[in-house]
Amino acid sequence: MTRNIAVFGTGYLGATHAACMAELGHQVIGVDVDPGKVGQLAAGELPFYEPGLVEVLRRNLDAGRLRFTTSYAEAAEFADIHFIGVGTPQRKGEFAADLSYIDAVVEELAPLLTSKAFILGKSTVPVGTSEALRRKVHDLAPAGKSVEVAWNPEFLREGYAVQDTLHPDRIVLGVDALNPGLVEEVVREVYKDLLDEGIPFLVTDLATAELVKTAANAFLATKISFINAMAEVCEASGADVTVLADAIGHDARIGRRFLNAGIGFGGGCLPKDIRAFMARAGELGADQALTFLREVDNINMRRRTRMVERAKDAVGGSLIGARIAVLGAAFKPDSDDVRDSPALNIAGQLQLQGASVSVYDPKATENSRRIFPTLTYGASVNEVCRGSDAILVLTEWNEFKRLDPVSLVDVVRQRVILDGRNCLSQQDWVSSGWTYIGVGKPAHGPEWQDHWANSAIERQVESVNAE
Ligand code: UDX
């Protein structure tokens, strides 16, 4: 059954959710306080880059199932299902989450709810938030307790936002345990197509639903920091972390996904979510349970300084006057998001230590320039690599994975490549005369070419002998 849905917030989460709910056949209104964003979305333009989303947006605008507004009154009049998808950033100078955007939505929306309605939170919030919001809504809404508040956390990854929204691993719904109401029935209607696909649907109490999201992100952050800690040990011992990850990843209990060592995690979610989680645990008197996340954060931040140190060593021990080409600024590929991006952070540190840094990113240049205007930005790989003493690959865009080492030989001043995401073929670069420095593996220069040639011959001989 088609439902009338409002989605508050039109950032990565809200805009994707609004467009995807329309894609499921519902009538959707996206709401934002920023008239610029609303105007852009209504004209079929995305204020950010997300593969595949613009098509979903335009298709549903054209079909008349999707529109955007700044008017809460219009949204409250039109919809009885209200999703909240606004941001919950880290508070300035603190670990805790800033809930002011969520509070603002509820304080403006609730007084407009004069009949039965459902408020479904999607944003990542500290455990206990939805219970507090439920009370606030009941106080403020003319319809009082007939407005049901539930939590339906979002697990989408940037770069796969459409896929993750329309085909999630699971759907979690937290409801008021004492008064479950009708919200489960309504949510089953909203996600009918997904449930028909067999996607697991878990109904929990409010606190558990909030915690599912924070716990999932804490686990993912821990997994990345675990392999990055192994990378440190590999660097100290001459072992290779990629081979190590492949080998331990074959154990189904461990799994190979999210076990890529590199310059660490960034973005608008993992870093701030683990900090907000620690802060909340402290408020609850359970801080000891999460002290390990402090170490997860430390390992992660150490990756950035380690990369700067390795770059410094690679250019002869001092960055002053060195020309460094940085490939990648987004916190991950297929995104233009530079929030807490390790790549941009490293570029900035290199510059502060005296290097002349040129950055190229296929999509994130504009956003990078806004928050880091003092760096130099180029329009292509060749432009930023010209005359460089070292190239740093810091975001694993396909464009960089496919780079031809031979074509860059005459562009640079020194053939030195640092692979911050272990996404290049060490062998290809070394055999073209480059010194290759990956993460968690020994650095290799051209002298290794013979070694690999010989080991390839040995492998051939072995396989011939085996036959
Ligand atoms: C994350 C969660 O995956 C998602 O479920 C949640 O809803 C929001 O936060 P996202 O921030 O889009 O999603 O990015 P993700 O793909 O998780 O990557 C986060 C960071 O970890 C990136 O900087 C990425 O480069 C890094 N990463 C990821 C690694 O360093 N190694 C890995 O193996 C995987």
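Just so it is clear, the structure is predicted and the values come from calculations on it, not from any experiment. (Residues numbered from 1 in each chain as written. Predicted model: local features only at pLDDT ≥ 70, side-chain atom pairs only at ≥ 80, totals over all residues. Heavy atoms only, no water.)

**What about the overall build of the protein?**
To keep it simple, the criterion reads: Helix numbering and strand numbering both begin at the N terminus, where a helix is a DSSP run of H or I of at least 4 residues and a strand a DSSP run of E of at least 2. Note on method: radius of gyration uses C-alpha positions; expected globular size equals 2.2 Å times residues raised to 0.38. Note on classification: 1.4 Å probe, protein chains only; a residue is buried when its accessible area is under 20% of the maximum for its type, exposed when over 50%, partly exposed between these limits. Whether two residues are in contact is decided by their heavy atoms: any pair within 4.5 Å suffices. Residue-level accessible areas treat just the shown protein chains as cover; the underlying method is Shrake-Rupley with a 1.4 Å probe. Positive charges are assigned to Lys and Arg, negative charges to Asp and Glu, while His and the chain termini are left out of the count. For the purpose of locating charges, the reference atoms are NZ of Lys, CZ of Arg, CG of Asp and CD of Glu.
Counting secondary structure elements, the protein contains 20 helices and 14 strands. Taken against the 2.2 N^0.38 rule, which gives 23 Å for 467 residues, the C-alpha radius of gyration of the protein at 25 Å falls within 12% of a compact globule. With respect to the principal axes defined by its C-alpha atoms, the protein has extents near 75 × 50 × 45 Å. Looking at the protein as a whole, 53% of its 467 residues qualify as buried. Partitioning the intrachain contacts of the protein with sequence separation of at least 6 by distance along the chain shows that 71% fall at a separation of at least 24. For the protein, the accessible area works out to roughly 20,400 Å², and carbon and sulfur atoms hold 52% of it. The averaged location of the 62 negative side-chain charges in the protein is 2 Å from the averaged location of its 47 positive side-chain charges.

**Quick notes on the sheet that holds strand E11 (residues 376–377)**
For clarity, the threshold we go by: Criterion used throughout: strands pair if DSSP finds at least two bridges between them. Only the stretch in contact is used when fitting a helix axis, every axis being a line fitted to C-alpha atoms; angles between N-to-C directions are given from 0 to 180 degrees.
Read from one edge of the open sheet, six strands run E11-E10-E9-E12-E13-E14, paired in parallel fashion. Each end of this open sheet is capped by a strand with a single partner; those strands are E11 and strand E14 (435–437). Across three bridges, strand E12 (residues 390–393) lies against strand E13 (residues 416–419) in parallel orientation. Paired with isoleucine 391 across the strands is isoleucine 417, a residue of E13. Each of E12, E13 and E14 is contacted by helix H13 (residues 291–314), which is oriented at about 170° to E13, the strand it contacts most.

**Brief notes about the site of the ligand**
Stated formally: Note on terminology: near, applied to a residue and a molecule or strand, indicates that one of the residue's heavy atoms is within 4 Å of it. Contacts described as polar in this section are N or O atom pairs within 3.5 Å, which, within protein, must combine one atom able to donate a hydrogen with one able to accept it, while residues neighboring in sequence count only if both atoms come from side chains. Each residue receives one of three labels: charged for Asp, Glu, Lys and Arg, nonpolar for Ala, Val, Leu, Ile, Met, Phe, Trp, Tyr, Cys and Pro, and polar for the others, Gly being one of them.
Surrounding the ligand, one finds 20 residues, the nearest of these being Phe155, Glu158, Asn260, Phe331 and Lys332. Contact distances for the ligand include 2.7 Å between an oxygen atom and a backbone N or O atom of glutamate 158. With the chains in place, 92% of the 670 Å² that the ligand exposes on its own is no longer accessible. The element that contributes the greatest number of residues to the shell around the ligand is helix H10 (residues 206–237), accounting for four residues. By residue class, the composition of the shell around the ligand is ten nonpolar, four polar and six charged.

**Some remarks on the environment of isoleucine 29**
Its location among the elements puts isoleucine 29 in strand E2 (residues 27–31). On a C-alpha basis, the gap between isoleucine 29 and arginine 421 in space is 40 Å, while along the polypeptide they are 392 residues apart. In contact with isoleucine 29, not counting residues within four places along its chain, are Ile5, Ala6, Val7, Arg67, Thr69, Glu74, Ala75 and Phe78.

**Overview of the domain arrangement of the protein**
Just so we agree on the cut-off: The split into domains, and so the bounds of each, comes from an automatic or database assignment of domains. Accessible-area loss on putting two parts together, using a 1.4 Å probe and summing over both, is the definition of buried area adopted here. Every case where a carboxyl oxygen of Asp or Glu lies within 4 Å of a side-chain nitrogen of Lys or Arg is listed as a salt bridge.
Here the domain parsing of the protein yields domain 1 (4–199), domain 2 (214–299) and domain 3 (305–466). A straight line from the C-alpha centre of domain 2 to that of domain 3 covers 23 Å. Between domain 2 and domain 3, the contact holds 18 residues from the first and 18 residues from the second. With both sides pooled, the region where domain 2 packs onto domain 3 buries about 1,300 Å², and carbon together with sulfur makes up 54% of that total. A per-residue breakdown of the area domain 2 buries against domain 3 is headed by Glu235, Ile263 and Gly267, which together make up 46% of the total. One can count three salt bridges joining domain 2 with domain 3.

**Side note on the side chain of asparagine 152**
Among the secondary structure elements, asparagine 152 is positioned in the loop between strand E6 (147–151) and helix H7 (161–166). Here the side chain of asparagine 152 touches lysine 122 through a polar contact of 2.6 Å, side chain to side chain.

**A few points about the environment of glycine 174**
Mapped onto the elements, glycine 174 comes out in strand E7 (residues 171–175). The spacing of glycine 174 and glycine 317 is 143 residues in sequence and 54 Å in space, taken between C-alpha atoms.

**Description of helix H1 (residues 12–23)**
Convention followed: One less than the residue count of a helix, multiplied by 1.5 Å, gives the span that helix is expected to have.
In this model, H1 (twelve residues) spans 16 Å end to end at C-alpha, consistent with the 16 Å of a helix rising 1.5 Å per residue. In terms of burial, H1 is largely enclosed, as eleven of its twelve residues are buried. Among all positions in H1, only Tyr12, Leu13, Gly14, Ala15, Thr16, His17, Ala18, Ala19, Cys20, Met21 and Ala22 are buried.

**Regarding unusual backbone geometry**
Glycine aside, residues mostly have negative phi angles, and peptide bonds mostly take the trans form. Phi at phenylalanine 258 takes a positive value of approximately 65°, unusual for a residue other than glycine. Position of phenylalanine 258 among the secondary structure elements: in the loop between helix H11 (241–249) and helix H12 (270–283). The class for phenylalanine 258 is partly exposed, based on a relative accessible area of 36%. Positive phi, normally seen in glycine, also occurs at aspartate 334, with a value near 60°. For aspartate 334, the position within the fold is in the loop between strand E9 (323–327) and helix H14 (342–352). When its relative accessible area of 30% is taken as the criterion, aspartate 334 is described as partly exposed.

**Things to note about the pairing of strand E1 (residues 4–8)**
Taking burial as the measure, the five residues of E1 include four buried ones, the bulk of the element. Looking at chain direction, E1 and E2 are connected through five bridges and run parallel. The residue of E2 that forms the bridge with phenylalanine 8 is valine 31. Where E1 meets strand E4 (residues 81–84), four bridges bridge the pair, whose relative direction is parallel. Looking across to E4, one finds that phenylalanine 8 is bridged to isoleucine 84.

**So, the pattern of salt bridges**
A side chain of one charge can pair with a side chain of the opposite charge if their charged atoms are brought near each other. Inspection of every chain in the model, using the stated rule, returns 34 salt bridges. The shortest N-O distance in the salt bridge between arginine 306 and glutamate 235 comes to 2.5 Å. Of this pair, arginine 306 sits in helix H13 while glutamate 235 sits in helix H10; the two residues are 71 residues apart in sequence, bridging distant segments of the chain. Glutamate 235 gets classed as buried once you look at its relative accessible area, which sits at 18%. For aspartate 251, the salt bridge identified is with arginine 253, shortest N-O distance 2.8 Å. One connected set of salt bridges, linked through shared partners, spans Glu131, Arg134, Arg135 and Asp176.

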